[in-house]
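# A look at the structure
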Amino acid sequence: MPPINELTRIEPAHLATLEKQGTFTTGLLLERSETPTRRQYLADQVAATTNDVLEWRDEALMLNLASFGPDEHQLMIQAGIEGLKGILDLDLDAFGERVRRAAAELGMEPPTDLTIEGWWDQARTLEDE
């Protein structure tokens, strides 16, 4: 599980509070925000909104896709995809095109078509999370 400090959509004050509470990984964040009641409780504990928690959760779900690491996160940021919802908003061809264009802009090797399709399929599987 990626460390929680890899989330880019979380303010430093909220991050510090989460870490003080023992939430060090995105997996723990996902567990703590699994249901609407848990999301509200977490938001109250860190003085955030439930919308904030949903944004963190969205990005955490993306960071937990298979074959996904810091380089792939940077690739998605370059592609304008901030989280799982950003993947879900695109069809496979549009998603692949954005990822390949972002890779070219960053001067890096693009992921294989199989990897891109795998991320897209996983996003569909996690859609109801």
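Residues numbered from 1 in each chain as written. Predicted model: local features only at pLDDT ≥ 70, side-chain atom pairs only at ≥ 80, totals over all residues. Heavy atoms only, no water.

## A look at the pattern of salt bridges
In plain terms, the rule: The salt bridge criterion pairs a side-chain nitrogen of Lys or Arg with a carboxyl oxygen of Asp or Glu, the two atoms within 4 Å. When a residue's accessible area, from a 1.4 Å probe over protein chains only, is under 20% of the maximum for its type it is buried; when over 50% it is exposed; and in between it is partly exposed.
Summed over all chains, the structure comprises 5 salt bridges. One salt bridge connects Arg38 with Glu34, and the closest N-O pair in it is separated by 3.1 Å. The class of Arg38 is partly exposed, set by a relative accessible area of 37%. Classification of Glu34 by relative accessible area gives partly exposed; the value is 46%. Overlapping salt bridges bring together Arg9, Asp58 and Glu82 as one network.

## A closer look at the confidence of the model for the protein
Cut-off, in case you're wondering: The quantity known as pLDDT measures the predictor's confidence residue by residue, on a range of 0 to 100. Secondary structure is summarised from DSSP: a helix means a run of H or I of at least four residues, a strand means a run of E of at least two, and numbering begins at the N terminus for each.
For the protein, mean pLDDT is 95; residues scoring 70 or higher make up 99% of the total. By mean pLDDT, the top-scoring element of the protein is helix 7 (residues 92-106) (98), and the lowest-scoring one is helix 5 (residues 70-78) (95).

## Examining the side chain of His14
Rules: Two residues form a contact once any of their heavy atoms are found within 4.5 Å.
Locating His14 in the fold gives a position in helix 1 (residues 12-20). In contact with His14, not counting residues within four places along its chain, are Val46, Ala47, Ala48, Asp52 and Trp56.

## Overview of helix 4 (residues 50-63)
Where we set the bar: Expected helix span is computed as 1.5 Å times (number of residues minus one).
The end-to-end C-alpha distance of helix 4 is 20 Å, a good match for the 20 Å that 14 residues give at a rise of 1.5 Å each. Those residues of helix 4 that are buried lie in contact with helix 1, helix 2 (26-32), helix 3 (36-46), helix 5, helix 6 (84-88) and helix 8 (113-126).

## Focus: the packing of aromatic side chains
The condition that has to hold: Stacked, tilted and edge-to-face are the three classes applied to pairs of Phe, Tyr and Trp rings, where Trp contributes its six-membered ring and a pair requires centres within 6.5 Å; stacked means planes under 30 degrees apart, edge-to-face means over 60, and tilted covers the rest.
According to the stated counting rule, one finds 1 aromatic pair in the structure shown. A centroid spacing of 5.2 Å and a plane angle of 70 degrees characterise the contact between Phe68 and Trp119, whose relative ring orientation is edge-to-face. Of the two residues, Phe68 sits in the loop between helix 4 and helix 5 while Trp119 sits in helix 8, which places them 51 residues apart along the sequence. One exposure class covers both Phe68 and Trp119, and it is buried.

## Description of the nonpolar core
For clarity, the threshold we go by: In this text, buried Ala, Val, Leu, Ile, Met, Phe, Trp, Tyr and Cys residues form a nonpolar core when linked through side-chain atoms within 4.5 Å.
Trp56 and Phe95 are the most contacted members of the largest nonpolar core, which has 35 residues in total. Of all the elements in the fold, those that place two or more residues in this core are helix 1, helix 2, helix 3, helix 4, helix 5, helix 6, helix 7 and helix 8. Here this core gets 6 residues from one element, more than from any other, and that element is helix 4. Contacts of Phe95, omitting those with residues within four sequence positions, involve Met76, Ile81, Ile87, Leu90, Ile116, Trp119 and Trp120.

## Some words on the packing of helix 5 against helix 7
Note the cut-off: In this description, a line fitted to the C-alpha atoms serves as the axis of each element, helices being fitted only across the stretch in contact, and the angle between N-to-C directions of two axes falls anywhere from 0 to 180 degrees. What sets the label is the angle itself: under 35 degrees gives roughly parallel, over 145 gives roughly antiparallel, 65 to 115 gives roughly perpendicular, and the rest give oblique. Three classes are used, and their members are as follows: Ala, Val, Leu, Ile, Met, Phe, Trp, Tyr, Cys and Pro are nonpolar, Asp, Glu, Lys and Arg are charged, and the others, Gly among them, are polar.
Relative orientation of the contacting elements helix 5 and helix 7 amounts to 105 degrees, with a least axis distance of 8 Å. As summarised for this structure, helix 5 and helix 7 are arranged roughly perpendicular, according to the angle between their axes. Taken together, the residues of helix 7 that come into contact with helix 5 (itself represented by Gln74, Leu75, Met76 and Gln78) are Phe95, Val99, Ala102, Ala103, Glu105 and Leu106. Class assignment of the residues belonging to the contact of helix 5 with helix 7 gives a composition of 7 nonpolar, 2 polar and 1 charged.

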